[in-house]
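# Fold and geometry: a report
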Amino acid sequence: MFVARSIAADHKDLIHDVSYDFHGRRMATCSSDQSVKVWDKSDDGEWHCTASWKTHSGSVWRVTWAHPEFGQVLASCSFDRTAAVWEEIVGESNDKQRGLSHWIKRTTLVDSRTSVTDVKFAPKHMGLVLATCSADGVVRIYEAPDVMNLSQWSLQHEISCKLSCSCISWNPSSSRAHPPMIAVGSDDNNVTYSGKVQIYEYNENTRRESTTSSGPTKFEVQVMAQFDSHNSQVWRVSWNITSTLLASSGDDGCVRLWKANYMDNWKCTGILRGDGSPVNGSSVQGAALGAVGSGGAQTQNSVVGAASAGRYV
Amino acid sequence: MEKMSCPSTVSGRTMFCHLDAPANAISVCRDATQVVVAGRNIFKIYALEEDSFVERLNLRVGRKPSLNFSCADVMWHQMEENLLATAATNGAVVTWNLARPCRNKQEHLFTEHKRTVNKVCFHPTEVHMLLSGSQDGFMKCFDLRKKESVSTFSGQSESVRDVQFSMKDYFTFAASFENGNVQLWDIRRPDRYERMFTAHTGPVFCCDWHPEDRGWLATGGRDKMVKVWDMTTNRAKEIYCVQTIASVARVKWRPERRWHLATCSMMVDHNIYVWDVRRPFIPFATFEEHKDVTTGIVWRHQHDPYVLLSGSKDSTLYQHMFKDASRPVDRANPEGLCFGLFGDLAFAAKESLMTGEAGRKPYPAGDRRYPIFFFKKPDVTEQFAQVASALSVFESESDGSSRMDWFIKTARRYLLSGKPFAELCDHNAKVAKELNRPQVSTTWTMLRIMFSDPGNPAPPANHNMSKLGNIPLMNSFNLKEMSSALNERNKENRQDNLHNLETNLNNDENEETEGSDGQAEYLFGDAELDDDDLYSMEHENQAEEAEFSLPQEAFPLRHEIVDHPAAPEPPAEKPESPQVSGSEAESFCLTPMESFSLISVSQLLYQPQLTPSFFSPVVREMLDHYAEQGDVQMAVSVLIVLGDRIRKEIDELTQEHWYMSYIDLLQRFELWNVSNEVIKLSTCSAITCLNQASTTLHINCSNCKRPMSNKGWICDRCHQCASVCAVCHHVVKGLFVWCQGCSHGGHLEHVMEWLKSSNHCPAGCGHLCEYT
C-alpha cells in the first residue's frame with residue numbers, strides 16, 4: 001500500500017518535526033542541530049533540499065507553514081525560548097542557480113521565559129494569527145495586523161494553562177458554527193493532575209479565550225477510540241486531509257495507520273517502517289475500543305489528535 | 001594527584017538554603033564537607049550535612065563594612081584546608097586563614113590591582129602560589145609567604161576575565177580576556193605570553209582545564225558558545241563547540257565524565273546545563289531550581305560526578321543531585337510525522353528506534369518478545385552522544401486507497417450545472433463509477449430516481465408529465481430510465497453482452513437479463529452480497545416488468561414495485577449502515593427482516609401522492625453521513641446539483657461549513673477553477689462573496705509603464721494600445737499573460753509557444769522573462 005522512500009536528511013541531531021505545506025509539495029524539517037531544512041518535491045517525485053539554515057540557538061522543536069495566501073512563510077520554535085517567523089525571498093537569482101532559496105527572519109517572538117514547545121498558525125479565515133505554547137504552561141496568541149508586514153506581531157492573548165504544554169492544535173473548521181478553538185496538550189508527567197488536554201475557545205463577545213478542560217464540562221470530550229499496540233510511548237499523531245485516516249508513531253519506530261470502519265470501530269490498517277522491512281506483529285489487531293457518538297467531526301478530530309499528541313495523556 | 005575515595009555517590013539529596021544576599025561565587029574545600037559563599041554582601045562558610053546546609057562561619061566581621069569583603073570571586077585552597085582567597089571588587093586580593101584564633105580571619109591583603117579583580121586561582125599543587133586576574137588587564141602571581149606579588153603579567157589588552165592554572169603543566173596558566181582572546185602563559189616568563197588565540201567573538205568569560213590533564217581547555221563567551229580547545233598541538237585547535245542559549249558565565253568540567261561539562265549564564269537564563277560536548281545541541285541534563293541567574297557552580301567533589309553546588313543571585317545555595325536533574329532529551333520528541341495532501345506520509349525518527357531494539361525504552365506494559373535479561377543496560381552517556389534521525393516518506397502506490405487522486409479527478413469531472421438534473425446525476429454517477437467508487441455512483445443514481453419524479457414540484461425540463469395522468473406509465477417510464485441507467489453501467493462492466501442488454505432494456509422486453517452481477521453491484525454498492533439472492537430478485541423484477549401491461553388498478557402497480565427493491569433500498573439502507581466501504585465486506589448481510597422492511601418502504605415510495613419532501617430527510621442524512629466520513633465533496637456536489645430540492649432541509653450554517661471545507665480542499669489541490677465554480681454556484685451569501693473580494697486589478701501601460709487610469713484599451717498618456725500581444729501584435733482579449741519584470745506579454749498560447757524557443761522577451765526588450 002505504501003512505498004517507503006528514504007531521504008538523506010543530513011541533520012546532525014534528532015529531527016523533531018516534519019511538516020507539509022498547504023499544497024503538499026513542500027516539506028520542512030527541524031532538528032536539534034538548530035537548523036530548519038526545506039524540501040521541495042520535484043516532478044519525478046524526489047525530494048530535494050532547497051534551503052537549510054540555522055534558525056535558533058537551541059533545539060528547534062516544531063516547524064509549521066502558514067497558509068500560502070500569506071506567502072511562503074514558516075514559523076519555528078525552539079528550546080532557546082523564542083519562536084521565529086521566516087519568509088522565503090524569491091528573486092535572489094544567485095541562490096536560485098545553486099538550487100537554494102533564501103529564507104529571512106521576519107520576527108523573533110521572545111515573550112516566553114522557557115522553551116517554546118509548539119507553534120501553529122491559525123486557520124486562514126482568522127487572519128495571520130500564530131499560537132505558541134511553552135514549557136511553563138503559557139499559550140500565547142500573536143497576530144500580525146498587517147498581513148503584508150510579517151515583522152510586526154502583537155501579543156493578543158496570554159493564557160496560563162498551569163501545566164507544562166507540549167503541543168497545540170487549532171480547530172481547523174472555518175465554520176461560523178464553531179468558534180475558533182485551541183487544544184493544548186501537556187507532557188506533564190505528574191499523574192495526579194487532571195486536564196492534560198485543555199481546549200480554549202475564543203469567544204468573540206467577551207473578547208477573550210474561555211477555557212474548557214478535558215473533563216466532561218462544557219465541551220463534551222468523548223473517547224472515540226484507544227489504541228495500545230505501539231507498546232511504547234506514542235510520540236506523534238497526524239490526520240490525513242479528509243480526517244479518515246490517522247497515523248501514529250511510537251517509540252517502537254513504526255508508524256501505524258488507523259481507520260474507522262462503518263461501525264466507527266477504529267482498526268489498524270497498516271504498519272510502516274522506514275526501511276521498508278516487514279514488521280513483527282503486523283497482524284496484531286488494533287485494540288480499538290468501540291466508540292460512541294459522533295460529534296462535529298472536525299473538532300472532535302482535532303481534540304483527539306491533540307490528546308494523543310500530548311504524549312503522557 | 002592523589003586519588004580520593006568518592007564520598008557521596010548515592011547519599012545526599014537536592015537541597016538548598018537561603019543566603020542573606022546574592023552570591024557571586026562559591027568554592028568547596030578539599031574534602032567536600034564545606035562550601036564558601038562569597039558575594040557583594042556575603043561571605044560565609046556552610047557545612048554540607050546529609051540533608052541540609054549548616055552555617056559554620058561568617059567571615060564578614062568588623063563594625064565598618066570594608067570593600068575588602070565585597071567579593072567577586074572566591075577560592076578554597078585544594079591543598080591547605082584552612083586557606084581561602086577572595087577577589088574583591090575594589091581591586092584587593094585577600095587571603096583568609098581559618099586557623100586564625102580571632103574572629104577576623106583575614107591574613108594577607110594585596111592591593112596591587114587598580115580595578116576589580118575578577119578571578120583568583122591557587123596553584124593546584126604549589127601551596128603558596130596564588131594567581132589573580134583583574135579588570136585592569138593585569139595578572140599577578142603572589143607568593144603567600146611574601147607581602148607582594150612576585151610577578152606581573154600584562155595581557156596587553158582589555159580586562160582579564162578568568163585565570164586558570166593548567167592541570168598538565170606545572171608552569172602554565174591560561175587567561176581569558178574581554179576582547180575574545182585566550183592567552184597561555186609560562187609562570188616563569190612574565191614578559192610575554194607563550195601563545196595567544198582568538199577564542200570567541202566578544203568577551204571570554206571563563207575557561208576551565210580538563211581535569212584529566214589532557215591539555216583540553218574549555219572556554220565560554222558572551223557569544224553563547226562553549227568551545228573546547230586542544231592545547232597539545234602547536235596551534236590551539238577547536239575540537240568541540242557547544243551552542244547554548246545564553247552567554248556563558250561559568251564552565252566546569254564534570255568529574256569522571258570525560259565529555260561532560262557544566263555551564264551557567266549570567267544573563268537571562270537561570271538554569272545550569274550539563275553538556276556532552278560530542279552532542280553540542282541539546283543539554284545532557286539541566287538543573288532548573290534557581291529563580292535568578294546562577295553565578296557560581298562547582299562540582300562538590302573532584303571525583304564525584306553526581307553532586308553539583310551552585311550559588312545564585314536569588315540568594316540561595318543549592319546542592320543539585322544528578323538523579324534529580326531534568327533531561328531535556330527525554331522530553332524532546334524523537335519523531336516527526338505528517339500526512340501530506342496526497343496521502344503520503346513523512347516520518348522522521350531516531351535511527352536507533354528505526355533499526356533496532358537497542359535504544360528502546362522499556363514500556364510498563366511490556367514488550368514480551370525478549371526476556372528482561374537480554375537487555376544489557378546500555379551506558380546512558382554513550383547512548384546519548386550517538387544520535388541521528390532517519391527521514392523517510394511513505395508514498396502510497398497509485399492504487400492505494402489513501403491516495404487522493406479520486407478527489408482531484410472527481411472534482412475535475414463532476415458536472416454541477418449547465419445540464420438537466422437527470423443528466424448531471426447520470427454523468428456524476430458515471431464519473432464515480434469509473435473511479436471505482438460504487439457507493440457514490442449508486443447514490444447519484446438514486447438521487448436522480450428520487451428527484452426526477454414527475455410529482456416533483458420542481459421537475460426538470462425533460463420530465464414534464466402531468467401528475468395525475470397515467471401513473472402506470474410514469475412508473476414504466478421510471479423503470480425504463482433506470483434500466484437504461486443500469487445498462488450504462490453494464491456497458492462498462494460487461495462489454496460482451498452489451499448489445500443484448502441494451503435492446504432488451506430499451507424495448508422494455510426483459511425476457512431474460514444477463515449481467516445481473518453488474519446489477520447486484522449496483523444495488524448494494526459492492527459485489528458483496530449473496531449473488532443468488534439478488535439475482536433472483538432482480539430476475540423476478542425484470543420478468544414482472546415484461547408482463548407489465550399498463551393496468552389501471554392500483555394493485556398490480558404496487559405489486560410491481562414490491563419486486564423492485566433497487567430503487568428505494570440504498571437510501572433507506574444508508575442511515576442504518578453508515579459506511580459500506582469496499583473493505584468491509586463481512587459487515588453486510590441482508591436478513592429477511594430487513595428485506596421485508598425495505599419492501600414495505602418501497603411500497604410507499606411510488607405512491608402517487610409521494611413528494612420529494614418524503615426523501616428529503618433521507619437525503620439529508622445521507623449528506624451528513626458523507627460529510628462525516630470525510631467526503632465533503634459529495635455533500636457539496638449533491639447540494640449544488642439538487643439545488644432547491646434539498647437546500648431548505650439543511651441549515652444554512654452546515655451548508656456554509658461544507659462549502660468552506662470543500663473550497664479549502666479544492667484550493668489545497670490547486671483546483672482553482674473548480675473552486676471558483678463551486679463558489680459561483682453556492683447559494684450561501686457568505687460563500688458567494690468570497691470571489692467578490694479584491695477584484696480590482698491595477699495595471700500599468702506596457703509601453704510607458706504608467707498606471708492606466710481610464711477604462712478601455714488605450715493608454716491615455718502614450719495613446720497606444722496597452723495590451724498588445726508581443727508575439728502576434730494583436731490586441732489580447734481574454735487571458736493575458738505578462739512578465740512581471742518587463743511587463744511585456746500577450747496571449748497565453750503565444751507566449752507559451754515563444755518560451756519554448758527562447759527565454760528572452762518576445763517584445764525584443766532583451767529581458768530574460770520569468771513567468772511564475
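Residue positions are counted from 1 within each chain, in the order its sequence is given. Chains carry letters from A onward and ligands carry numbers from 1 onward, assigned in written order. Residue-level local features of this predicted model are given only where pLDDT is at least 70; pairs of side-chain atoms are given and counted only at 80 or more, and the full residue set underlies all totals for whole chains, interfaces and linings. Calculation of side-chain values draws on the structure's entire complement of heavy atoms; hydrogens and water are dropped beforehand.

## Considerations on the overall build of chain B
Secondary structure elements are defined from DSSP: runs of H or I of at least 4 residues count as helices, runs of E of at least 2 residues count as strands, and each element is numbered from the N terminus. A count of helices and strands for chain B gives 20 helices and 33 strands. Between buried and exposed lies partly exposed: a residue is buried under 20% and exposed over 50% of the maximum accessible area for its type, with that area taken using a 1.4 Å probe on protein chains only. The proportion of buried residues among the 772 residues of chain B is 54%. Counting only contacts in chain B whose residues sit at least 6 apart along the sequence, the fraction spanning at least 24 positions is 50%. Contact between two residues is taken to exist if any of their heavy atoms lie within 4.5 Å; hydrogens are not considered.

## Looking at the overall build of chain A
Helix and strand counts for chain A stand at 2 helices and 21 strands. When each of the 313 residues of chain A is scored for burial, the buried share is 58%. For every accessible area listed, the method is Shrake-Rupley and the probe measures 1.4 Å; residues are considered covered only by the protein chains on display. Here chain A displays about 12700 Å² of accessible surface, and carbon together with sulfur accounts for 49% of that area.

## Remarks on the packing of aromatic side chains
All names here are of chain B. Aromatic rings from Phe, Tyr and Trp, with only the six-membered ring used for Trp, were paired whenever their centres fell within 6.5 Å, and each pair was classed as stacked if the ring planes differed by under 30 degrees, edge-to-face if by over 60, and tilted otherwise. Counted according to the given criterion, the structure contains 31 aromatic pairs over all chains. Measuring from ring centre to ring centre gives 5.4 Å for Phe342 and Phe669, while their planes differ by 80°; the resulting arrangement is edge-to-face. Of this pair, Phe342 sits in the loop between β29 (335-339) and β30 (345-350) while Phe669 is found in the loop between α17 (652-668) and α18 (672-681), placing the two residues 327 residues apart along the sequence. This pair shows no difference in class: Phe342 is buried, exactly as Phe669 is. Through a chain of ring-to-ring contacts, the aromatic side chains of Phe153, Phe165, Phe173, Trp185 and Tyr193 assemble into a single cluster. Sitting over a ring, as applied to charges here, requires NZ of Lys or CZ of Arg to be within 6 Å of the ring centre and within 35 degrees of the ring normal. Here Arg192 stacks its cationic end above the ring of Tyr193, 4.9 Å away from the centre of that ring. Lying over the aromatic face of Phe322, Arg254 brings its terminal NZ or CZ to 3.7 Å of the ring centre.

## So, the sheet that holds strand β5 (residues 47-54) of chain A
Residues and elements named next belong to chain A. Sheet architecture is open: 4 strands sit in the order β2-β3-β4-β5, paired in antiparallel fashion. Edge positions in the open sheet fall to β2 (15-20) and β5, since each of these has one partner strand only. Neighbour to neighbour, the strand axes of the sheet diverge by 20° on average, direction disregarded. The rule for pairing is simple: two strands pair if DSSP sees at least two bridges between them. Bridge analysis of strand β4 (residues 35-41) against β5 gives 7 bridges, and the strand direction is antiparallel. Among the inter-strand pairings, Ser35 is bridged to a residue of β5, identified as Lys54. Axis geometry follows a simple rule: fit a line to the C-alpha atoms, using only the stretch in contact for helices, then measure angles between N-to-C directions, giving values from 0 to 180 degrees.

## A closer look at the interface of chain B and chain A
Each partner contributes residues to the interface: chain B has 73 residues there, and chain A has 87 residues. In protein, a polar contact means a hydrogen-donor-capable atom and an acceptor-capable atom, both N or O and within 3.5 Å, with residues adjacent in sequence counting only if both atoms are side-chain atoms; elsewhere, any N or O pair within 3.5 Å suffices. The interface formed by chain B and chain A includes 11 residue pairs in polar contact (both at pLDDT 80 or more). Those elements giving two or more residues to the side of chain B that touches chain A turn out to be α1 (328-331), β29, β30, α2 (351-355), β31 (389-396) and α17 of chain B. The greatest single-element share of the side of chain B that touches chain A, amounting to 9 residues, is contributed by α17 of chain B. Gly is put with the polar residues, along with every residue not named as nonpolar or charged; the nonpolar set is Ala, Val, Leu, Ile, Met, Phe, Trp, Tyr, Cys and Pro, and the charged set is Asp, Glu, Lys and Arg. Across the side of chain B that touches chain A, the residue classes break down as 34 nonpolar, 20 polar and 19 charged. Here strand β1 (residues 2-7) of chain A runs beside β31 of chain B; their pairing, made up of 6 bridges, is antiparallel.

## Here we look at the domain arrangement of chain A
All names here are of chain A. Residue ranges for the domains trace back to a domain assignment, done automatically or taken from a database. When the domains of chain A are assigned, the result is domain 1 (1-92 + 99-160) and domain 2 (163-213 + 229-282). Between domain 1 and domain 2, the contact holds 27 residues from the first and 25 residues from the second. Values labelled buried area give the accessible surface lost by two parts on being combined, using a 1.4 Å probe and summing over both. Together, the buried faces of domain 1 and domain 2 total about 1900 Å²; carbon and sulfur atoms form 69% of this surface. Per-residue buried area on domain 1 facing domain 2 is highest for Phe2, His157 and Ile159; these three make up 21% of the total on that side. Criterion for a salt bridge: a side-chain nitrogen of Lys or Arg within 4 Å of a carboxyl oxygen of Asp or Glu. Our enumeration of links across domain 1 and domain 2 arrives at 0 salt bridges. Linking domain 1 with domain 2 are 6 residue pairs in polar contact (both at pLDDT 80 or more), by the criterion used here. Of all the elements in the fold, those that place two or more residues in the side of domain 1 that touches domain 2 are β1, β2, β10 (116-121), β11 (129-134), β12 (138-143) and β13 (154-160). Broken down by element, the side of domain 1 that touches domain 2 gets its largest block of residues, 5 residues, from β11. Within the side of domain 1 that touches domain 2, the residues separate by chemical class into 15 nonpolar, 8 polar and 4 charged.

## Considerations on the pattern of salt bridges
Residues and elements named next belong to chain B. For the structure on display, the rule yields 31 salt bridges over all chains. The closest approach of N and O atoms between Arg145 and Asp143, which form a salt bridge, is 2.9 Å. Given a relative accessible area of 56%, Arg145 falls into the exposed group. Of the residues examined, Asp143 reaches a relative accessible area of 14% and is grouped as buried. A salt bridge links Glu434 to Arg413, with the shortest nitrogen-to-oxygen separation between them at 2.1 Å. One end of the pair, Glu434, is in helix α5 (residues 421-434); the other, Arg413, is in helix α4 (residues 405-413), and 21 residues separate them in sequence. Overall, the relative accessible area of 42% leaves Glu434 in the partly exposed class.

## Here we look at the sheet that holds strand β9 (residues 106-110) of chain B
Residue and element names in this part refer to chain B. Pairing is antiparallel in the open sheet, where 4 strands are placed in the order β6-β7-β8-β9. Of all strands in the sheet, those bounded by a partner on one side alone are β6 (71-76) and β9. Here the strands of the sheet are splayed against their neighbours by 20° on average, with no regard to which way each runs. Of the pairings in the sheet, the one linking strand β7 (residues 83-88) to strand β8 (residues 93-97) comprises 5 bridges and is antiparallel in character. Across the sheet, residue Leu83 finds its bridge partner in β8, namely Asn97.

## Section: unusual backbone geometry
The phi torsion at Glu256 of chain B lies on the positive side, around 65°, for a residue other than glycine. One can find Glu256 of chain B in the loop between β22 (250-253) and β23 (260-264).

## A few points about the UniProt feature "repeat: WD" (unreviewed entry) in chain A
Per the UniProt entry, the sites bearing "repeat: WD" (unreviewed entry) are residues 8-40 and 227-259 of chain A in this numbering. Between the C-alpha atoms that bound residues 8-40 of chain A the distance is 14 Å, and the span itself is 0% helix and 55% strand. UniProt positions are given in the numbering used here, feature names are shortened, and annotations may be inferred rather than shown by experiment.

## Structural notes on α4 of chain B
Regarding α4 of chain B, the residues found buried are Trp406, Phe407, Ile408, Thr410 and Ala411 of chain B. Its buried side turned inward, α4 of chain B meets α5, α15 (632-642), α17 and α18 of chain B.

## Topic: the nonpolar core
We call a set of buried residues a nonpolar core when its members are Ala, Val, Leu, Ile, Met, Phe, Trp, Tyr or Cys and they connect through side-chain atoms within 4.5 Å of each other. Counting 54 residues, the largest nonpolar core has Trp444, Val619 and Val678 of chain B as the members making the most contacts within it. The set of elements that each furnish at least two residues to this core consists of α4, α5, α6 (438-451), α14 (616-628), α15, α17 and α18 of chain B. Top element by residues in this core is α15 of chain B. It accounts for 9 residues. Setting aside its immediate chain neighbours within four residues, Trp444 of chain B contacts Tyr414, Cys425, Asn428, Ala429, Met634, Ser637, Val638 and Val641 of chain B. In terms of nonpolar packing, the next biggest core, distinct from the first, is built from 51 residues, Ala66, Ala75 and Ala83 of chain A together with Leu308 of chain B among them.

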